Structure formats: structure tokens, C-alpha cells
Amino acid sequence: MPILIALCLLFSSCGIENYLFLPPVPAGDIHLELNSRAEIALPDFDMSEYYYFSHFTIYYRIYISDSAESGDIQLSQTNLGRINSSLASHYAALSPYTNNDTTNVSAAIASQFNTLKYYTLHLENADIDDILGAGALGARLTLDFAQTPGRQPTLNMNGQEYPLYRSTGDGNFNPRPNRFFLNDTELNSSENAGGDTVNSLINNDVANKTISASLPRYTYVNMYILAAGSDDNYVALYSRPTHIGIFRLPDTN
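What counts and what doesn't
- Residues numbered from 1 in each chain as written.
- Predicted model: local features only at pLDDT ≥ 70, side-chain atom pairs only at ≥ 80, totals over all residues.
- Heavy atoms only, no water.
- 1 Å grid on protein atoms, 1.4 Å probe; cavity = no way out; pocket = protein on both sides within 12 Å on 5 of 7 lines; lining within 4 Å.
- Points joined across faces, edges and corners; volume = space filled by probe spheres on them.
- Helix = DSSP H or I, 4+ residues; strand = E, 2+ residues; numbered from the N terminus.
- Nonpolar A, V, L, I, M, F, W, Y, C, P; charged D, E, K, R; others polar.
- Pairing = 2+ DSSP bridges.
- Core = buried A, V, L, I, M, F, W, Y, C linked by side-chain atoms within 4.5 Å.
- Buried < 20%, exposed > 50% of the residue type's maximum accessible area, 1.4 Å probe, protein only.
- Contact = heavy atoms within 4.5 Å.
- Salt bridge = Lys/Arg side-chain N within 4 Å of Asp/Glu carboxyl O.
- pLDDT = per-residue confidence, 0-100.
- Phe/Tyr/Trp six-rings, centres within 6.5 Å; stacked < 30°, edge-to-face > 60°.
- Lys NZ or Arg CZ within 6 Å of the ring centre and 35° of its normal.
- Polar contact = N/O pair within 3.5 Å; in protein donor to acceptor, adjacent residues only side chain to side chain.

(A) Examining the layout of surface pockets more closely. Its volume calculated, the largest pocket comes out at about 360 Å³. Contributions of two or more residues to the lining of the largest pocket are made by α4 (106–115) and β4 (119–120). The element contributing the most residues to the lining of the largest pocket is α4, with 3 residues. Here the lining of the largest pocket is built from residues that sort into 6 nonpolar, 7 polar and 2 charged. One number sums up the size of the second largest pocket: a volume of about 220 Å³.

(B) Seen up close, the sheet that holds strand β8 (residues 160–165). Here we have 6 strands laid out as an open sheet, ordered β1-β2-β6-β7-β8-β5, and antiparallel in their pairing. A single partner strand is all that each edge strand has here, and the edge strands are β1 (30–33) and β5 (122–123). Here β5 runs beside β8; their pairing, made up of 2 bridges, is antiparallel. Within β8, the residue paired with L123 across the bridge is L164.

(C) Region of the structure containing the nonpolar core. In terms of nonpolar packing, the biggest core is built from 45 residues, with F56, L155, M223 and I244 touching the most fellow members. When contributions to this core are tallied by element, the ones reaching two or more residues are β2 (37–41), β3 (53–65), α5 (128–131), β6 (140–144), β7 (154–157), β8, β10 (218–230) and β12 (242–248). Non-local contacts of F56, meaning those with residues more than four positions away in its chain, are made with V25, L42, P43, F45, L132, A136, L137, I225, L226 and A227. Counting residues in hydrophobic clusters, the runner-up holds 23 residues, among them L87, V105, L226 and Y238.

(D) Molecular detail of the pattern of salt bridges. Inspection of the entire model under this criterion finds 8 salt bridges. Note that D66 is salt-bridged to K209, the shortest N-O span being 2.8 Å. On the criterion of sequence distance, the pair formed by D66 in the loop between β3 and α2 (77–83) and K209 in the loop between β9 (206–207) and β10 is long-range, its members being 143 residues apart. Residue classification places K209 among the buried positions, given a relative accessible area of 16%. Put simply, R151 and E161 hold a salt bridge, and the shortest N to O gap is 3.7 Å. Here R151 is found in the loop between β6 and β7, whereas its partner E161 is found in strand β8, with 10 residues between them in sequence. Under the relative-accessibility criterion, R151 is labelled partly exposed at 26%.

(E) Focus on the confidence of the model for the protein. Overall, the prediction assigns the protein a mean pLDDT of 89, with 89% of residues at 70 or greater. The least confident element of the protein is helix α1 (residues 2–10), whose mean pLDDT is 46; the most confident is β5, at 98. Residue range residues 4–16 is modelled with pLDDT below 50. Its contacts to residues more than four positions away, or to other chains, number 4 contacts.

(F) A look at the packing of aromatic side chains. Under the defined criterion, the tally for this structure stands at 14 aromatic pairs. The aromatic ring of Y63 is capped on one face by R61, whose charged end is 5.9 Å from the ring centroid.

(G) How the structure looks around the environment of N222. Tracing the backbone through its elements, the reader meets N222 in strand β10. Sequence spacing of N222 and Y59 is 163 residues, and the spatial spacing of their C-alpha atoms is 8.2 Å. For N222, the contacting residues outside a window of four places in its chain are Y59, Y60, R61, Y63, L87, Y118, H243, G245 and I246. Within the structure, the side chain of N222 is placed 2.9 Å from the side chain of Y118, a separation counted as a polar contact.

(H) Main features of helix α3 (residues 85–94). Those residues of α3 that sit buried are S86, L87, A88, H90, Y91 and L94. On its buried face, α3 is in contact with β3, α2, α4, β9, β10 and β12. The distance from a side-chain oxygen at the start of α3 to the backbone nitrogen of S86 is 2.8 Å, and the residue carrying that oxygen is N84.

Now the structure itself:
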């Protein structure tokens with residue numbers, strides 16, 4: 001009988017399912033500088049064990065605001081609500097998935113990001129899935145949102161710098177005025193904020209905020225990073241998401 005039990009466990013023939021798991025990026029390995037820069041030490045796990053890993057992926061959403069945050073952004077609901085009430089709501093909705101005790105989140109987190117209209121980050125003139133593939137294991141990644149007017153925010157890794165690119169939702173919406181992460185009148189326009197209006201064909205990655213015409217308009221981006229891969233049936237797998245930070249977009253000019 002003990003031999004049969006051992007064989008049963010060995011070959012998982014007793015209905016015990018083998019859940020594939022991808023390690024998350026440790027929150028302690030993300031270091032923020034005010035609301036304009038993040039340095040991320042990517043994990044260096046064993047590919048012979050996590051053979052189903054393919055790349056790291058970053059989800060983002062942009063929020064219109066009339067609040068000029070100059071330093072570290074405190075993650076209280078009151079502070080986030082001052083920036084944008086949708087930001088506070090979305091951060092709260094995603095917080096359970098970033099819990100350290102959460103492991104099997106693959107299907108749920110992809111659905112939640114989709115529901116909240118978070119999109120995957122892109123790069124100009126480079127495939128981000130290749131840049132953040134197996135070669136990125138153990139590397140140091142920098143996201144730079146330096147508050148220099150007209151300077152495009154960038155991703156820097158291994159000495160290479162890539163301008164960040166917004167999503168098009170696989171061609172389902174048209175980011176205006178362009179795909180750069182720069183605060184522009186077309187980006188912070190309530191009329192173009194397709195994420196919360198019927199006009200989902202334009203800036204569907206932007207959450208609106210009702211602001212008096214006399215007040216200035218800013219934009220912020222909220223970001224999460226996950227390890228991604230797929231199982232033997234090509235079903236997408238994700239690690240628990242890790243919150244990177246909230247960054248203020250530099251002005252166009």
C-alpha cells in the first residue's frame with residue numbers, strides 16, 4: 001500500500017492538480033524617487049524550474065487631475081482620491097491581488113486589469129516582450145518620468161534607453177495626441193478621455209476627472225509589473241502583480 005501511495009503522489013494520478021506558479025517581483029526591490037523615477041531589481045529565478053516564464057509585463061492607466069503632486073505620492077485613499085477618485089477606486093480594487101498571500105491569480109488578475117481598462121506598456125521601436133524576456137532576469141530596470149518639458153519618459157535597461165509608448169488596445173482605440181506619456185491638452189481633455197465615457201475610440205487608457213475650466217490639468221500614470229508565461233496548453237500565466245508606483249507625466253512643452 002505505501003508503494004501505491006508513493007506512485008500516486010509521484011504521477012499525480014490521484015486527482016492532485018499541479019498549479020504552475022510564477023514568482024512576483026518583490027515589492028522591496030522597487031525603489032521610488034519622488035513621483036518621477038523607479039528603479040526595479042528584477043528577480044533572477046531558475047529557468048529550468050520556471051520554464052514556462054516568457055517575460056515581464058507592465059500594466060498602466062492614466063488619470064487626469066487638477067492636483068499638482070511634487071513629491072512621493074502617499075497611497076492613502078484620501079490622497080489618491082484628491083488626485084482622481086477613479087485612481088483611489090482602482091487602487092483599492094487591485095490591492096487584494098498584490099497581497100503576499102495570493103499566488104493563484106492568473107485568470108483573475110488579467111480579467112481585473114481588463115475590467116479597469118489597464119493596458120500593457122509598449123516601447124517605441126522595440127518589442128517590450130523581447131526587452132523584458134529571459135534576458136531581463138536579474139537585470140536592473142529604470143522607469144524615468146523626469147519633469148523636463150518635452151522629454152519623453154523612458155525605460156532603461158542594460159544601458160539601453162527606450163521611449164515609453166502607450167497602448168492602442170490592439171488597434172481598438174486611437175491614443176491622442178500620440179502614444180507618448182506626455183501631459184498634453186489632448187491627453188488631459190475630458191472629451192477625449194474614452195476610459196470613462198462613451199467615446200471609447202480615443203483615449204481609452206485615460207480616466208477622466210471633472211475639473212473647473214480655471215484650474216490647471218495634470219496627468220498621472222499608475223503602474224504594476226508581473227511575470228508572465230504560459231502553460232503547456234498555451235494558457236496565459238501571470239504572477240501576483242506588484243505595484244510599481246504613480247508617476248506624474250511631464251508636460252509637452
